[in-house]
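Survey of secondary and tertiary structure
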Amino acid sequence: MIKTQIKLNQTPDIENGTRAHFNSSTLKKRLLLISVSAVAMALMPSAALAQTTDDGTNVSDVDDTVTMDRVIVEARKREEALINIPETIDVITSETIAKAGIDSLEDVGRQTPNIILNKRLDDEPNVVIRGVGGFGNTQGVGFYIDDVQNFTDQSASIEDVERIEILKGPQGTLYGGSNIGGAIKYVMKKPTDMFGFETKAEYGSYNTSNAFAAVNIPVADTFAARISGYARSTDGYIDNVLLDTEANELDEWGVRASLGWNPTDALEVNFSYRHSSLINGGYAYVLASGPTDYNYQISTNEDTHNKRIVDGGILNADLDLGFATLTSVTSYTERTMKIKLDLDYSPADAIAVLTDKDNSTEVFSQELRLTSHDSAAFEWLVGAYYSKIARPSSLSRGNLYLGPLSGGPFLIEDFALSEAKEQQLAAFGTAGYSFGRFKLEGGLRIAKEKFDVDYIADPTVMPTRIKDTQVLPKLVVSYDVTDDAMLYANVAVGSEPGKANTASDIQGLEYEPEKATNYEFGIKGEAASGKLSYDVAVFYIDYKKRQFESRERLPSGLVTEVITNVGDSTSYGLEGGIMYQPNSELTLGASGGYLSAEWDDPEASFNGIIVDGRTVPNSPEFTANAYIDYIKPIGNGLELGARADVSYISKFFWQPLDLDQQPAYGIVNLRLAVSSPEEGWELAIRGDNVFDEGYFTEFTPDVFGPSVGLAAVGQPATVMASVSYKY
């Protein structure tokens, strides 16, 4: 699905398209019919679209100078026009990120159908695509910074991003495990040979302020640098009424340096380093009697926090060998965390967890691949991958405080201390052959995975040693109906590795790998002389040994996450989107999705109860989004810009037992701006959730007994004013 375009300087045409990018959008069930109609129109002769006005003017000739540039992406680890990729990929550009006010995972999720995406209060992502994936530690969807999987700061502020590519369906062949539902890839801005500077400042509701600046410096003919930084803070919208503090306040800042070096025509080297620091209110979950008990207050006796520092570097080198390009991608990331949590979620002095030392995560990865050039009918890619992750859970180095109500007071140091390590070694390859208008493609990944845990706090628990081999194939066939329309079908397999729980009282409780097979058939293309783009896809997913994370209160009184295998499920559905740009002033877009996801296993059970035939959690039947973007010159070199975004999510269940349901809700965002394109400045005001719709982003029922659950409340109505400048 495709939206607006933005042209980038000094980039070559690729398959008749410039390196321009559109984002995707989404409206409800009826919009799917519009998408189908758009496809039918696209397959008609072009004369059928040449309607006339009353004075005989051809409608399609009203502004023939306006056409939508082809989108170029790197979702399949080679540069390709989006229209030529036979699978569902949504793209959000930097232009749309700015205009739609996209600064969080939740904002990203609202741009495309059949996806639930938001940030947990411990800053980990929750994401489900087409009913595949999960909340918490069972993500099932990979997050990437360029070509490197991000395990440490997926929820960091979205800044200095060129575009976001959302790949739907299993991506195991090229991206490996932990991509069973799809992948979300942040393509970062890189240095260019033109000096440039940009800055932006925002202020608004809840004492929220955001600042960003970036500078691009051509140091020499073959060397350039780009340096950017951001800072954001907010008092938040959750109050601790007992301590009279802001419970979900946030302070975050970060810097990024990117260096580009082209010593020869055949060699390109890029290095980037990022540092970010975040402190927020920790687990500011509210107590809720049910899925509509939206309240914005907590009452805990501890002033909690979650502190995170991330440092990461990526070295990418591309060497043109003539017949192919050799690529090396090396990365290292370290995250340190300090936490203080009130886990009885009450005014009582009962249970708290804190760390007095760094809880660190270290991630190393190395990928080598050889990619054929695109000139021949036969194209191929082969590669090898290695990763090593030392990743204890956020509580694995914590100290447990038990207050008077829990038999204390006393402190149990390192009460759940464990050391976990993951390793993956893989070989992968893809190949495709074109004959006439047909193209046949295939891919295969063979990966060996290891997961080791030593339970230091409790030597009576035997260490966990898990080894597994995953074989992840993919097969694709496509047919160019016309030069601007393609039919395709694909089947792909994805997996999520099996591991073990490491929290206190459940250490050593293992869960098996899960696997999903996705079947997809679709059509995508352009019509109306390049002013209309569309895509429609139907899918069926067979999901085996599905992992699910729930929040439980253990015998010790500690509330923690527990991961188990529930059973098999099946999903099927439809999604589609259109984007229409009749002239240079107006852009319209809409997309929507239908999803049916059910447990399909007589032995599937949750908490000892059979769930066969029930609806899979976090799988709304309908999701949709629509937008209108209008720009009008108003004289003196000024432009007036207006944008409206509407998103909709139908009701869905939070747990496999289908007992607690999030009601349907819709979010409306509005933006008005005045700018001077020549002088590079813009003044804007934006309202998010302008009708103050209530909703939860997380809900776990009956944690502390009947009708006493834990919930994360969605952001209420906010207003932000901004000023920006670009040179």
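Residues numbered from 1 in each chain as written. Predicted model: local features only at pLDDT ≥ 70, side-chain atom pairs only at ≥ 80, totals over all residues. Heavy atoms only, no water.

**Describing the overall build of the protein**
Of regular secondary structure, the protein possesses 4 helices and 47 strands. Counting every position in the protein, which comprises 727 residues, the buried fraction comes to 57%. In the protein, the proportion of contacts linking residues at least 24 apart, taken out of those at least 6 apart, comes to 66%. A total accessible area of about 28,900 Å² is found for the protein, and carbon and sulfur atoms account for 57% of it. (Helix = DSSP H or I, 4+ residues; strand = E, 2+ residues; numbered from the N terminus. Buried < 20%, exposed > 50% of the residue type's maximum accessible area, 1.4 Å probe, protein only. Contact = heavy atoms within 4.5 Å. Areas by Shrake-Rupley, 256 points an atom, 1.4 Å probe, with all protein chains shown as cover.)

**Remarks on the confidence of the model for the protein**
In the predicted model, the protein carries a mean pLDDT of 87, and the fraction of residues at 70 or more is 88%. Segment residues 2–62 is flagged for pLDDT under 50; beyond a separation of four residues in sequence, or across chains, it makes 169 contacts in the model. (pLDDT = per-residue confidence, 0-100.)

**A short note on the sheet that holds strand β5 (residues 125–129)**
Spatially, 3 strands are ordered β4-β5-β6 in an open sheet, and the strand pairing comes out antiparallel. The open sheet has two free edges, formed respectively by β4 (115–119) and β6 (132–134), since each of these has just one partner strand. Along the sheet, successive strands turn relative to each other by an average axial angle of 10°, direction set aside. Pairing of β5 with β6 involves 3 bridges; the strand directions are antiparallel. For Ile129, the partnering residue across the bridge sits in β6 and is Val132. (Pairing = 2+ DSSP bridges. Axes fitted to C-alpha atoms, helices over the stretch in contact; angles between N-to-C directions.)

**As for empty space enclosed by the protein**
Gaps left between atoms show up when a probe the size of a water molecule is rolled over them. Within the structure shown, the criterion is met by 17 cavities of 30 Å³ or more. When its volume is computed, the largest cavity comes out at roughly 890 Å³. Residue lining of the largest cavity: 41 residues in total, with Ser104, Lys119, Arg232, Tyr237 and Gln715 positioned closest to the centre. Every element with two or more residues in the lining of the largest cavity is listed here: α3 (105–109), β4, β12 (208–220), β13 (223–234), β43 (665–676), β44 (681–688), β46 (709–713) and β47 (718–726). There is about 380 Å³ of room inside the second largest cavity. In terms of lining, the second largest cavity is formed by 28 residues, of which the most central are Ile145, Ala156, Ser157, Met188 and Arg274. Going through the elements one at a time, β10 (182–188), β13, β16 (250–264), β17 (267–280) and β20 (305–320) are the ones with two or more residues in the lining of the second largest cavity. When residues in the lining of the second largest cavity are grouped by element, the largest group, 5 residues, is from β17. Considered class by class, the residues forming the lining of the second largest cavity number 12 nonpolar, 11 polar and 5 charged. (1 Å grid on protein atoms, 1.4 Å probe; cavity = no way out; pocket = protein on both sides within 12 Å on 5 of 7 lines; lining within 4 Å. Points joined across faces, edges and corners; volume = space filled by probe spheres on them. Nonpolar A, V, L, I, M, F, W, Y, C, P; charged D, E, K, R; others polar.)

**Brief notes about unusual backbone geometry**
Leave glycine aside and you will find that most residues have negative phi; peptide bonds, for their part, are mostly trans. Cis geometry is found at the peptide bond from Gly408 to Pro409, where omega equals 15°. Inspection of the secondary structure puts Pro409 in the loop between β25 (399–402) and β26 (410–412). Located in the positive-phi region is Asp160, a residue other than glycine, with phi close to 60°. Although it is not a glycine, Asp414 sits at a positive phi angle of roughly 50°. Relative to the elements of secondary structure, Asp414 occurs in the loop between β26 and β27 (418–435).

**A few points about the pattern of salt bridges**
Scanning the model with the defined rule gives 40 salt bridges in all. In this structure, the salt-bridge partner of Asp645 is Arg643, at a minimum N-O distance of 2.7 Å. Given a relative accessible area of 5%, Arg643 falls into the buried group. Among the ionic contacts, a cluster of salt bridges with common partners joins Lys77, Asp147, Lys185, Glu367 and Arg369. (Salt bridge = Lys/Arg side-chain N within 4 Å of Asp/Glu carboxyl O.)

**A short note on the environment of Glu422**
One can find Glu422 in strand β27. The exposure class assigned to Glu422 is buried, which follows from its relative accessible area of 15%. With residues up to four places along the chain from it excluded, the contact list for Glu422 reads Ser387, Lys388, Ile389, Arg391, Lys450, Phe451 and Lys499. Polar side-chain contacts of Glu422 include one of 3.2 Å to the side chain of Lys499. (Polar contact = N/O pair within 3.5 Å; in protein donor to acceptor, adjacent residues only side chain to side chain.)

**Things to note about the nonpolar core**
The biggest cluster of nonpolar side chains holds 37 residues, and the ones touching the most others in it are Tyr285, Leu343, Tyr345 and Phe696. Breaking this core down by element, the ones donating at least two residues are β18 (286–288), β21 (324–342), β22 (351–354), β25, β43, β45 (696–700) and β46. (Core = buried A, V, L, I, M, F, W, Y, C linked by side-chain atoms within 4.5 Å.)

**What to know about the pairing of β13**
One ladder, built from 11 bridges, connects β12 with β13; its direction is antiparallel. For Val215, the partnering residue across the bridge sits in β13 and is Ile227. Taking the residues between adjacent antiparallel strands as the criterion, β12 and β13 are bridged by 2 residues. In terms of strand pairing, β13 meets β16 through 12 bridges, oriented antiparallel. Across the sheet, Thr234 pairs through a bridge with Leu250, a residue of β16.

**Quick word on the packing of aromatic side chains**
Within this structure, the stated rule accounts for 19 aromatic pairs. When the ring of Tyr237 is compared with that of Tyr296, the centres are 6.1 Å apart and the planes differ by 70°; the resulting orientation is edge-to-face. With a gap of 59 residues between them, Tyr237 in the loop between β13 and β14 (239–240) and Tyr296 in the loop between β18 and β19 (297–298) connect regions that are remote in the sequence. Overall, Tyr237 belongs to the buried group, its relative accessible area being 18%. Cluster of aromatic residues (ring-pair linked, three or more members): Tyr283, Tyr285, Tyr345 and Phe704. One residue, Lys77, lies across the ring of Tyr175, its end atom 4.7 Å from the ring centre. (Phe/Tyr/Trp six-rings, centres within 6.5 Å; stacked < 30°, edge-to-face > 60°. Lys NZ or Arg CZ within 6 Å of the ring centre and 35° of its normal.)

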